[in-house]
Amino acid sequence: MQYPKDGHQVGDLRGSMDAYGISAELQNQFTRSITFHGVTAPGAFIAVFMVDFCLELLEAHPRERLYAIAETYRCAPDPVQVITGCTFGNHRLQVIPIGKFALTMNRPAETPETEGVRVYVDAEKLKEFPIINAWYTRSPGFSSLSMIYPLIDEILKAGRDILSVQRVRVRVPLKQSWKSIRCTSCGELVPDVTIEGGVCRGCGSGSYYEVISHY
């Protein structure tokens, strides 16, 4: 879902943030996250509130070394990357595609498990916000053409009031040592720990392309 890019509407958005008491620092996080995300999506707005909530619960600085797990690929991972620096590339962000709009964050640990916080969109709390509820539940009564601006406004008004939090115990993945070996099918080098049945995942379970020719 996109929030149309229009100068007048962006001004209205900033005005709404001011009206609902959103701090200048958090407004900046909204701006940075939406710019990175590429579209002004309602889910990205909710995710900014989620990340901010996690940081407060952990009493953590945004650039502290943290780890995050998003439970959906939709919108949530981008504000996490922008605000916290947890990214796919530095292995501090995972997506476990359960399909829930939820986020777990924790500090580093040398033990197999550690404590963290999980913030999620609460179905019961959504009932207090009819437009968000209609959008989130994909109700036929929600019209993206006529209700997108009221939706964004209601998300800004709701803030954390649609979120709930859990203290959780998170499993910490063990670090694996590995060496490079050649795949017996494609001949390319891959970590030996990723080999499946003698071939790399690209030739096996992760196959997604067919070679047409070499340049």
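Described in the following lines is the structure provided in the data block. (Residues numbered from 1 in each chain as written. Predicted model: local features only at pLDDT ≥ 70, side-chain atom pairs only at ≥ 80, totals over all residues. Heavy atoms only, no water.)

## Here's the deal with the pattern of salt bridges
Our working definition: Should a side-chain nitrogen of Lys or Arg be within 4 Å of a carboxyl oxygen of Asp or Glu, the pair is scored as a salt bridge. By the criteria applied, helices consist of DSSP H or I runs no shorter than four residues and strands consist of E runs no shorter than two, each listed in order from the N terminus. Note on exposure labels: buried denotes an accessible area under 20% of the residue type's maximum, exposed denotes more than 50%, and partly exposed covers the range between, all computed with a 1.4 Å probe on protein chains only.
Under the counting rule described, the total for this entry stands at 7 salt bridges. Two residues, Glu56 and Arg160, come together in a salt bridge whose shortest N-O distance is 3.0 Å. You can see Glu56 sitting in helix H3 (residues 42-58) and its partner Arg160 sitting in the loop between helix H7 (144-158) and strand S5 (163-171), a full 104 residues away along the chain. Overall, the relative accessible area of 49% leaves Glu56 in the partly exposed class. Judged by its relative accessible area of 24%, Arg160 falls in the partly exposed class. Within this structure, Asp52, Glu56 and Arg160 form a network of salt bridges that share partners.

## So, unusual backbone geometry
Phi at Glu59 takes a positive value of approximately 55°, unusual for a residue other than glycine. For Glu59, the position within the fold is in the loop between H3 and strand S1 (67-70). We classify Glu59 as exposed; its relative accessible area is 70%.

## Looking at the packing of helix H2 (residues 24-37) against helix H4 (residues 77-84)
Using the following cut-off: Orientation is described by lines fitted to C-alpha atoms, with helices fitted over the stretch in contact, and by angles between N-to-C directions that extend from 0 to 180 degrees. An angle below 35 degrees is read as roughly parallel, one above 145 as roughly antiparallel, one from 65 to 115 as roughly perpendicular, and any other as oblique. It is the rotation of the near helix from the far one that decides the hand of a crossing: anticlockwise by less than a right angle makes it left-handed, clockwise makes it right-handed. Note on definitions: a residue-residue contact is assigned when non-hydrogen atoms from the two residues lie within 4.5 Å. Three classes are used: nonpolar for Ala, Val, Leu, Ile, Met, Phe, Trp, Tyr, Cys and Pro, charged for Asp, Glu, Lys and Arg, and polar for all others, with Gly counted as polar.
Contact geometry of H2 with H4 gives a least axis separation of 9 Å together with a crossing angle of 125°. Viewed along their axes, H2 and H4 adopt a mutual orientation that is oblique. Seen from above, H2 lies across H4 with right-handed handedness. Residues Gln29, Arg32, Ser33, Phe36 and His37 of H2 form the contact with H4, whose participating residues are Asp78, Pro79, Gln81, Val82 and Ile83. Its residues assigned to classes, the contact of H2 with H4 shows 4 nonpolar, 4 polar and 2 charged.

## Observations regarding the sheet that holds strand S3 (residues 102-106)
Selection criterion: Strand pairing follows a simple DSSP-based rule, namely that at least 2 bridges must link the two strands.
Strand order across the open sheet formed by 5 strands is S2-S1-S3-S4-S5, with mixed pairing between neighbours. Bordering the open sheet on either side are strand S2 (93-95) and S5, each of which pairs with just one other strand. In this sheet, adjacent strand axes meet at a mean angle of 20° when their direction is disregarded. Packed on one face of the sheet, H4 meets S1, S2 and S3 and runs near 175° to S2.

## Comments concerning the packing of aromatic side chains
Under the convention used in this document: Aromatic rings from Phe, Tyr and Trp, taking only the six-membered ring of Trp, are treated as a pair when their centres fall within 6.5 Å; an angle between ring planes under 30 degrees marks them as stacked, one over 60 as edge-to-face, and anything in between as tilted.
This structure, assessed with the given rule, holds 4 aromatic pairs. Plain terms: the ring middles of Tyr208 and Tyr209 are 4.9 Å apart, the flat faces sit at 75° to each other, and that makes the pair edge-to-face. Judged by its relative accessible area of 45%, Tyr209 is partly exposed. Clustering of aromatic rings is evident, with ring pairs tying together Phe30, Phe45 and Phe49.

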